[in-house]
Amino acid sequence: MLRGSDAQGTVNLMLSCTLALIPTAVVTFAIGWRRSHRFVLKWAQAAGVVATILALGYVVAAAACLILEDRAAGPSEYPIFLLPVGLGALLAALAVLGTIVRGRHKLG
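Below is a short write-up of the structure. (Residues numbered from 1 in each chain as written. Predicted model: local features only at pLDDT ≥ 70, side-chain atom pairs only at ≥ 80, totals over all residues. Heavy atoms only, no water.)

**Quick word on the packing of helix α2 (residues 38–71) against helix α3 (residues 83–107)**
Part 1: With their axes 8 Å apart at the nearest point, α2 and α3 run at an angle of 155° to one another. Considering their axes alone, α2 and α3 lie roughly antiparallel with respect to each other. The two elements α2 and α3 meet at a crossing, and its hand is left-handed.
Part 2: In the contact of α2 with α3, the residues fall into 20 nonpolar, four polar and three charged. (Axes fitted to C-alpha atoms, helices over the stretch in contact; angles between N-to-C directions. Helix = DSSP H or I, 4+ residues; strand = E, 2+ residues; numbered from the N terminus. Parallel < 35°, antiparallel > 145°, perpendicular 65-115°, else oblique. Left-handed = near helix turned anticlockwise from the far one by under 90°. Nonpolar A, V, L, I, M, F, W, Y, C, P; charged D, E, K, R; others polar.)

Put into structure tokens, the structure is as follows:
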């Protein structure tokens, strides 16, 4: 298990990648939808899926660490999570993924 700054770096990387992939998926979707390229829409869907998985992993890890932190006495060894940001990222990633899937379905 990661401890200290390594764990905090991993957590920050997960959130940063999620927050970077959401606009990437939106822009890729807009380009693919405008030009009617199914291949580009596939890439947008893949970016949406990866963003959703990363956001879900972030939220689950945050919940697990919060539960474990409550049971442990003394100073915390767990990384700091921004749970509202993680939940917002998860909802945004799900909305983007739903829009992309619906758009691919409409395009045919």
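Next comes the rest of the account.
**A look at the nonpolar core**
Part 1: In terms of nonpolar packing, the biggest core is built from 14 residues, with Ile 22, Ala 25, Phe 29, Val 96 and Ile 100 touching the most fellow members.
Part 2: Secondary-structure elements contributing two or more residues to this core are α1 (4–35), α2 and α3.
Part 3: Among the elements that make up this core, the one with the highest residue count is α2 (six residues).
Part 4: Those residues within four positions of Ala 25 in sequence are excluded, and the remaining contacts are Ala 44, Ala 47, Gly 48, Val 96 and Ile 100.
Part 5: Core analysis: the second largest hydrophobic core is formed by seven residues, Val 11, Tyr 58, Cys 65 and Tyr 78 among them. (Core = buried A, V, L, I, M, F, W, Y, C linked by side-chain atoms within 4.5 Å. Buried < 20%, exposed > 50% of the residue type's maximum accessible area, 1.4 Å probe, protein only. Contact = heavy atoms within 4.5 Å.)

**So, the environment of Leu 87**
Part 1: Note on placement: Leu 87 falls in helix α3.
Part 2: We classify Leu 87 as partly exposed; its relative accessible area is 39%.
Part 3: In this structure, the C-alpha to C-alpha distance between Leu 87 and Leu 56, residues 31 residues apart in sequence, is 8.3 Å.

**Focus on α3**
Since the α-helix packs 3.6 residues into each turn, any two residues three or four apart lie on the same face.
Part 1: Look at α3: 36 Å from first C-alpha to last across 25 residues, which is about the 36 Å you get at 1.5 Å a residue.
Part 2: What α3 keeps buried is the set Gly 86, Ala 89, Leu 90, Ala 93, Val 96, Leu 97, Ile 100 and Gly 103. (Expected span 1.5 Å × (residues − 1).)

**Some points on the environment of Val 49**
Part 1: With respect to the secondary-structure elements, Val 49 resides in helix α2.
Part 2: The sequence separation of Val 49 and Leu 21 amounts to 28 residues, and the corresponding C-alpha distance is 9.5 Å.

**What about unusual backbone geometry?**
Part 1: For Ser 36, which is not a glycine, the phi torsion comes out positive at approximately 60°.
Part 2: Mapped onto the fold, Ser 36 is located in the loop between α1 and α2.

**What about the state of the cysteines?**
Part 1: With the rule as written, the count across this model stands at zero disulfides.
Part 2: Free cysteine Cys 17: the closest other cysteine sulfur is in Cys 65, separated by 18 Å.
Part 3: Look at Cys 17 and you get partly exposed, because its relative accessible area is 32%. (Disulfide = S-S within 2.5 Å.)

**Regarding the packing of aromatic side chains**
Part 1: Using the criterion set out here, one finds three aromatic pairs in the structure.
Part 2: Centre to centre, the rings of Phe 39 and Trp 43 are 6.3 Å apart; their planes meet at 80°, and the pair counts as edge-to-face. Residue Phe 39 and its partner Trp 43 are located together in helix α2, separated by four residues, close to a single helical turn.
Part 3: In this structure Phe 39 comes out as exposed when scored by relative accessible area, which is 57%. (Phe/Tyr/Trp six-rings, centres within 6.5 Å; stacked < 30°, edge-to-face > 60°.)

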